[in-house]
Amino acid sequence: MSAQPRIQRHAFVVGVRPERREEYLELHSNVWPQVEQTLRDANVTNYSIFIVGDTLFAYYEYVGDDHAADMARIAEDPVTREWWTHTDPCQVRIVEERDPGALWQPLDEVWHLS
């Protein structure tokens, strides 16, 4: 009997530029299938993006063994990189830069009910 994978929870925050809010929402009403498959192949599950005002909050669960390597695989995928050329201009960093160069900045988990 194999052990259940340890689930890692990740959350991030970014701002959406008010003048590009509708564009961002439209893009995410029909995410490209290859972008979604790349995330699945990189052990990302239960990925959600929420919005309140001009703030975006993302949450996903990671079920793999090497988060950094899987995130690098996502970043190397040409379709995902093309997707980001559409989504990144809609976003603006709104909190202290903890992950250098990243728009989406990580959040610390304060509490979790399992």
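The text that follows walks through the structure, step by step, so that each part is easy to find. Owing to the predicted nature of the structure, the values given are computational and were not obtained by experimental measurement.

Conventions used here
- Residues numbered from 1 in each chain as written.
- Predicted model: local features only at pLDDT ≥ 70, side-chain atom pairs only at ≥ 80, totals over all residues.
- Heavy atoms only, no water.
- Helix = DSSP H or I, 4+ residues; strand = E, 2+ residues; numbered from the N terminus.
- Contact = heavy atoms within 4.5 Å.
- Areas by Shrake-Rupley, 256 points an atom, 1.4 Å probe, with all protein chains shown as cover.
- Lys, Arg positive; Asp, Glu negative; His and termini not counted.
- Charge placed at Lys NZ, Arg CZ, Asp CG, Glu CD.
- Salt bridge = Lys/Arg side-chain N within 4 Å of Asp/Glu carboxyl O.
- Buried < 20%, exposed > 50% of the residue type's maximum accessible area, 1.4 Å probe, protein only.

**Some thoughts on the overall build of the protein chain**
And then number 1: Within the protein chain one finds four helices and five strands.
And then number 2: Element order for the protein chain, N to C, with α for helix and β for strand: β-α-α-β-β-α-α-β-β.
And then number 3: By principal-axis analysis of the C-alpha atoms, the protein chain measures approximately 50 × 35 × 25 Å.
And then number 4: Put simply, 68% of the contacts in the protein chain that link residues at least 6 apart link residues at least 24 apart.
And then number 5: Of the roughly 7,700 Å² that the protein chain leaves accessible, carbon and sulfur atoms contribute 52%.
And then number 6: Here the protein chain contributes 10 positive and 20 negative side-chain charges, whose respective centroids are spaced 2 Å apart.

**Here's the deal with the pattern of salt bridges**
And then number 1: Under the counting rule described, the total for this entry stands at seven salt bridges.
And then number 2: For R21, the salt bridge goes to E22, with nearest N and O atoms at 3.7 Å.
And then number 3: Assessed through its relative accessible area of 55%, E22 is described here as exposed.

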